[in-house]
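Architecture at a glance
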Amino acid sequence: MDRIVIVGAGQGGLQAAISLRAEGFEGSIVLIGAEQHLPYQRPPLSKAFLKDGEARKLQIRPATFFERKDITLHTGVEVERIDRTDRVVWAGKESFAYDHLILATGTRNLRPPIPGLHHALDLRTLNDAQALRQALTAARSSVVIGGGFIGLEFAAVARSMGHDVCVAEAASRLMSRAVSPEMSARFLAKHRDAGTVVHLDNPVHSVTGEGVVLADGSQISADTVLLAAGVVPNTELAAAAGLLVDNGIVVNEYLLTHDDSISAMGDCAVFPNPVTGLPIRLESVQAATDHAKTIAARLVSSTHTAYAAVPWFWSDQSDWKLQIAGLAASDDDSVMREDGAVLRFANNHLSAVETINDARTHLQARKALAGALVSREQMAAVNYDLAAVK
Ligand SMILES: Cc1cc2nc3c(=O)[nH]c(=O)nc-3n(C[C@H](O)[C@H](O)[C@H](O)COP(=O)(O)OP(=O)(O)OC[C@H]3O[C@@H](n4cnc5c(N)ncnc54)[C@H](O)[C@@H]3O)c2cc1C
């Protein structure tokens, strides 16, 4: 194999290029990204960047890296078509031939059918974050549509800047897809204590030039409205090429599509959950990074190792770092330890552990989840001490 083309120059696409060279791949690597910037980290966009505005700090590798590693980077180039027969991707009149193609196209903001949504700002790209920062300098009040990680991270920063902040969430609790009811309740109290107004079970009905109207009819005025209601995977390119798409580009446990010349990874890929076998799609730096490493190892050494990393996530909200090891469904059982860590259980087995400012327990949890399944009885017998799991 001589030519690898990677579509999407984000966290995962760049990592794939880095890992291919680290694994000793000597052929050509072409990395194509639609954004104008060098590949950058998104997590700080809803955290430190809103305060310091330092875009250079976000770059994952400097421009010189690409030359040094002989990686051809095309920024500001959007791939429009994959020709699977001739193994070529097309961007306008430009074409790039591949022996293997890696799709790392990420996600874009979900835009619910809310009247007046064009008044709201997004927070997905560096350009979005720069526009939001600019808006914040003149604003005194903000409404956030959606009480998930990104919306709440933004709320914490805006509040710390002295803004009046209101979060409108359609579900009955915060971060309901990702954390236990106990953790949702702790974060609700934390944000309310900081002075943020949080509406639950009360989605935004419409956005006006002056603020928003909620489903219950209440009107909230705001200078800035942020849309943070989730994302959709960028799958159109893959679907148009006849690849299987079902809430993401469908891949097997080796992150290979049903075309064995095309892999998909990161936020845009749906893969079998190593524990349950059910399809999952993760939106995290860890998944994108580990997917990239798995694909690079497969392409270079030809040894097929199934992707089986324990997922983990983090979210910084004010002075709390939430860390989640493992993957729980929103209705998994939970047990809260005296120190505040929450252990989740699915079918009586440990599925995830949530902690706040407790890196030690988080690491113990990742270790425990990496081994054989741990039953609830086993955990109860050691008083939910994760370090005791062998
Ligand atoms: C504000 C914010 C905060 C976040 N915070 C955290 C956090 O605290 N912790 C965490 O784990 N994760 C966080 N994430 C999620 C994390 O950034 C993503 O999971 C990660 O970037 C996924 O990497 P990826 O390579 O799959 O996609 P991305 O990094 O999104 O890269 C995809 C790239 O593909 C490009 N692209 C798409 N289609 C084409 C095409 N046809 N041609 C060329 N290029 C194309 C896109 O323009 C994009 O640049 C955050 C995300 C955001 C937006």
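What you are looking at is a predicted structure, and each value in this text was computed from that prediction instead of being measured. (Residues numbered from 1 in each chain as written. Predicted model: local features only at pLDDT ≥ 70, side-chain atom pairs only at ≥ 80, totals over all residues. Heavy atoms only, no water.)

1. With respect to the sheet that holds strand 6 (residues 94-97)
Operational definition: Should DSSP find at least two bridges between two strands, the strands are taken to pair. Strands here are runs of E lasting at least two residues and helices are runs of H or I lasting at least four, both read from the DSSP assignment and numbered beginning at the N terminus. For helices, the axis comes from a line fit to the C-alpha atoms of the stretch in contact; other axes are also lines fit to C-alpha atoms, and the angle between any two N-to-C directions lies between 0 and 180 degrees.
Across the sheet, three strands lie side by side as 4-5-6; this open sheet has antiparallel pairing. Two strands lie at the open edges of the sheet, namely strand 4 (81-83) and strand 6, each paired on one side alone. Neighbour-to-neighbour, the strand axes of the sheet open up by a mean angle of 25°, direction not taken into account. Bridging between strand 5 (residues 88-91) and strand 6 involves four bridges; their strand directions are antiparallel. By the bridge assignment, Trp90 is partnered in strand 6 with Ser95.

2. Remarks on the pairing of strand 5
In this structure, strand 4 lies alongside strand 5, joined through three bridges in antiparallel fashion. Of the residues in strand 5, the one forming a bridge with Arg81 is Trp90. Connecting strand 4 to the antiparallel partner strand 5 that follows it, the hairpin turn spans four residues, and Arg87 within it adopts a positive phi of roughly 55°. In sequence, strand 5 turns back onto strand 6 through a hairpin of two residues, with Gly92 there showing a positive phi of about 60°.

3. Observations concerning the site of the ligand
Put simply, the rule reads: Residue proximity to a molecule or strand is established when one non-hydrogen atom of the residue lies within 4 Å of it. Whenever a nitrogen or oxygen atom comes within 3.5 Å of another N or O atom, the pair is scored as a polar contact, on the condition that within protein one atom can donate a hydrogen and the other can accept it, and that pairs from neighbouring residues in sequence are kept only if both atoms are in side chains. Computed with the Shrake-Rupley method and a 1.4 Å probe, the accessible areas treat only the protein chains shown as cover for residues. Gly counts as polar in this scheme, as do all residues outside two lists: the nonpolar Ala, Val, Leu, Ile, Met, Phe, Trp, Tyr, Cys and Pro, and the charged Asp, Glu, Lys and Arg. All the domain ranges listed were derived from an automatic or database domain assignment.
In the vicinity of the ligand lie 32 residues, with Gly12, Glu35, Lys47, Val79 and Asp267 positioned nearest. One of the side-chain nitrogen or oxygen atoms of Arg42 is found 3.0 Å away from an oxygen atom of the ligand. The fraction of the free accessible surface of the ligand (1000 Å²) that becomes covered by protein chains is 92%. Mapped onto the shell around the ligand, the elements with two or more residues apiece are helix 1 (11-22) and helix 8 (285-301). For the shell around the ligand, the class distribution of residues is 14 nonpolar, eleven polar and seven charged. Here the shell around the ligand gathers at least three residues from each of two domains, domain 1 (3-108 + 231-301) and domain 2 (111-227).

4. Structural notes on the domain arrangement of the chain
Let me state the cut-off plainly: The contact criterion used throughout is that any non-hydrogen atoms of two residues lie within 4.5 Å. The term buried area refers to how much accessible surface (probe radius 1.4 Å) is lost by two components on association, counted for both of them together. Each reported salt bridge corresponds to a side-chain nitrogen of Lys or Arg within 4 Å of a carboxyl oxygen of Asp or Glu.
Domain parsing of the chain yields domain 1 (3-108 + 231-301), domain 2 (111-227) and domain 3 (319-388). The C-alpha-based centres of domain 1 and domain 2 are spaced at 30 Å. In this assembly, 19 residues from domain 1 lie in contact with 17 residues from domain 2. By the criterion of area lost to domain 2, the three top residues of domain 1 are Ser46, Leu50 and Lys51, representing 37% of everything that side buries. In this assembly, domain 1 and domain 2 are joined by two salt bridges. Across the salt bridge formed by Glu153 and Lys47, the nearest N and O atoms sit 3.0 Å from each other. Across the domain 1-domain 2 interface, the total number found is eleven residue pairs in polar contact (both at pLDDT 80 or more). At the level of elements, helix 2 (48-52) and strand 8 (107-109) are the ones that each hand at least two residues to the side of domain 1 that touches domain 2. Split into classes, the residues belonging to the side of domain 1 that touches domain 2 amount to seven nonpolar, four polar and eight charged.

5. Side note on the UniProt feature "domain: Reductase C-terminal" (unreviewed entry) in the chain
Which entries qualify depends on this criterion: UniProt positions are given in the numbering used here, feature names are shortened, and annotations may be inferred rather than shown by experiment.
In this numbering, the UniProt entry assigns the feature "domain: Reductase C-terminal" (unreviewed entry) to residues 312-387. Helix makes up 24% of residues 312-387 and strand 39%, whereas the separation of the span's terminal C-alpha atoms amounts to 18 Å.

6. Details of the pairing of strand 21 (residues 312-317)
Formally: Partly exposed residues are those whose accessible area sits between 20% and 50% of the maximum for their type, while under 20% is buried and over 50% is exposed, using a 1.4 Å probe and protein chains only.
Across the two faces of strand 21 the burial differs, with Phe313, Ser315 and Gln317 buried and Trp312, Trp314 and Asp316 not buried at all. Sheet topology note: the strand 21/strand 22 (residues 320-326) ladder contains six bridges and is antiparallel. From the neighbouring strand, Trp312 faces strand 22, where its bridge partner is Ala325. The antiparallel pairing of strand 21 with strand 22 creates a hairpin that spans two residues between the two strands, and Ser318 there sits at a positive phi of about 55°.

7. Digging into the pattern of salt bridges
Taken as a whole and judged by the stated rule, the model has 14 salt bridges. Lys57 is paired through a salt bridge with Asp52; the nearest N and O atoms lie 3.1 Å apart. Classification of Lys57 as exposed rests on a relative accessible area of 51%. On the basis of relative accessibility, which here comes to 29%, the residue Asp52 falls in the partly exposed class.

8. Examining the sheet that holds strand 2 (residues 28-32)
Strand order in the open sheet formed by five strands is 3-2-1-7-18, and the pairing between neighbours is parallel. The sheet terminates laterally at strand 3 (71-74) and strand 18 (262-264), the two strands that pair on one side only. Mean inter-strand twist for the sheet, computed between neighbouring axes without regard to direction, equals 15°. Here strand 2 pairs with strand 3 via four bridges, running parallel. Looking across to strand 3, one finds that Val30 is bridged to Thr72. Of the strands in this sheet, strand 1 (3-7), strand 2, strand 3 and strand 7 (100-103) are in contact with helix 1, which crosses strand 2 at around 170°.

9. Remarks on helix 4 (residues 126-138)
The test is simple: Here a helix's expected span is defined as the number of its residues, less one, multiplied by 1.5 Å. Each C-beta atom gives one direction from the helix axis, and the arc is the one those directions make.
With 13 residues, helix 4 extends 19 Å between its outermost C-alpha atoms, agreeing within 8% with the 18 Å of an ideal straight helix rising 1.5 Å per residue. For helix 4, the set of buried residues is Leu126, Ala129, Leu132 and Leu136. The arc enclosing the buried residues of helix 4, seen along the axis, measures out at 120°, which places them on a common side. Residues of helix 4 that are exposed and point over 90 degrees away from its buried face: Gln134 and Ala138.

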